[in-house]
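# Structural overview
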Amino acid sequence: MPEAPPDDEPALHVESLDVTYGRALSALRSVSLTVPHGGVVALLGANGAGKTTLLRAVSGTLRLHRGAVTAGRVRYGDTVLDGRDPVAAVRAGVVQVPEGRRVFAGLTVDENLRAGGLGLSRRAPAQVRRARDRVFALFPRLAERTHQAAGLLSGGEQQMLAIGRALMAAPRLLLLDEPSLGLAPQMVHRIGEVIREINTQGTAVLLVEQNAGMALSLADHAYVLEVGEVGLSGPAAELARTDAVRRLYLGETADGQGAA
Ligand SMILES: Nc1ncnc2c1ncn2[C@@H]1O[C@H](COP(=O)(O)OP(=O)(O)O)[C@@H](O)[C@H]1O
Ligand SMILES: [Mg+2]
């Protein structure tokens, strides 16, 4: 019997996931989440809720932080991702932009971009060129600064470079960890536009944010993590209307007024 064909419209399925750090610290408990093919899903939650941990479990980077999946499953289409490594995730089309826009400060913009997609062996030069063209079309500012050291870019430009480097691997699912953190409002707006554009080009996005307003305006569906568990989930527009989300994440007071 022939093998089943690979799933060409894969979705991410996180199923009843438990994650612990070290021997004891439970960071996620029975977390389930789905990112459909081509969708944008927001993952909200306070500091320490486990948002980054969830992205690590998907991108195969958990072990680098002494974390482990102790129960449950991460699947991207037909590919099981829990317990695998970052190369396996990248090969499956899943790429994470880590929090804190970590770029290689001493390397140039161009060198940073070339570092993206390493691990994808035997890529044709034409494929690499296409990925670069896409990055420079999205981020003209990077195209003007290819030979500049990444450490000399502004915070917003470094975030763009971090996203651009991830796009060099031509992901089908992009995992973004708080891309707006610490950026000026105008740059947050620009990052939002970029995420929308990336998604329009066919890349699904799992967006971790503390800026709930931005995330809910981009996402179709959203989940709220509360100390390691999914507290709320639903269509983004619906969640944005719930009192708890408005108070906790959209900066409103109990009487419905905007906070200072
Ligand atoms: N490398 C680590 N080792 C031990 N504990 C960690 C590690 N990374 C995160 N944690 C803990 O796991 C919990 C979830 O953290 P994290 O996923 O970073 O939350 P968030 O991204 O929502 O702020 C927190 O209690 C945090 O202290
Ligand atoms: Mg985090």
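On a predicted model such as this, the values are computed, not experimentally measured, just so you know.

### Notes on the overall build of the protein
Counting secondary structure elements, the protein contains ten helices and ten strands. Its C-alpha atoms give the protein a radius of gyration of 18 Å, near enough to 18 Å, the size a compact globule of 260 residues would have. On the principal axes, the C-alpha backbone points of the protein span a range of 55 × 55 × 35 Å. Out of the 260 residues belonging to the protein, those deemed buried represent 48%. Taking the contacts inside the protein whose residues are at least 6 apart along the sequence as the reference set, 67% of them involve residues at least 24 apart. When the accessible area of the protein is evaluated, it comes to approximately 12700 Å², of which 51% is carbon and sulfur surface. One finds the centroid of the 28 positive side-chain charges in the protein at a distance of 7 Å from the centroid of its 27 negative side-chain charges.

### Some words on the confidence of the model for the protein
For any part of a model where pLDDT is low, the fine detail of the predicted coordinates should not be relied upon. Looking at the protein, pLDDT values average 90 and 91% of them are 70 or higher. When pLDDT is averaged over each helix and strand of the protein, the minimum, 75, is found for helix α10 (residues 243–249) and the maximum, 98, for strand β1 (residues 12–21).

### Quick look at the sheet that holds β1
Think of a sheet as strands paired side by side through backbone hydrogen bonds, with each pair either parallel or antiparallel. Strand order in this open sheet of four strands is β2-β1-β4-β5, and the pairing throughout is antiparallel. Two strands in the sheet have a free side with no partner beyond their single neighbour: β2 (25–35) and β5 (79–80). In this structure, strand β4 (residues 67–76) lies alongside β5, joined through two bridges in antiparallel fashion. Looking at β5, one finds that Tyr76 is bridged to Thr79. Contacts from helix α1 (residues 51–59) reach β1, β2 and β4 within the one sheet, and its direction differs from that of β1 by about 115°.

What counts as what
Residues numbered from 1 in each chain as written. Chains lettered and ligands numbered in written order. Predicted model: local features only at pLDDT ≥ 70, side-chain atom pairs only at ≥ 80, totals over all residues. Heavy atoms only, no water. Helix = DSSP H or I, 4+ residues; strand = E, 2+ residues; numbered from the N terminus. Rg over C-alpha atoms; globule rule 2.2 N^0.38 Å. Buried < 20%, exposed > 50% of the residue type's maximum accessible area, 1.4 Å probe, protein only. Contact = heavy atoms within 4.5 Å. Areas by Shrake-Rupley, 256 points an atom, 1.4 Å probe, with all protein chains shown as cover. Lys, Arg positive; Asp, Glu negative; His and termini not counted. Charge placed at Lys NZ, Arg CZ, Asp CG, Glu CD. pLDDT = per-residue confidence, 0-100. Pairing = 2+ DSSP bridges. Axes fitted to C-alpha atoms, helices over the stretch in contact; angles between N-to-C directions.

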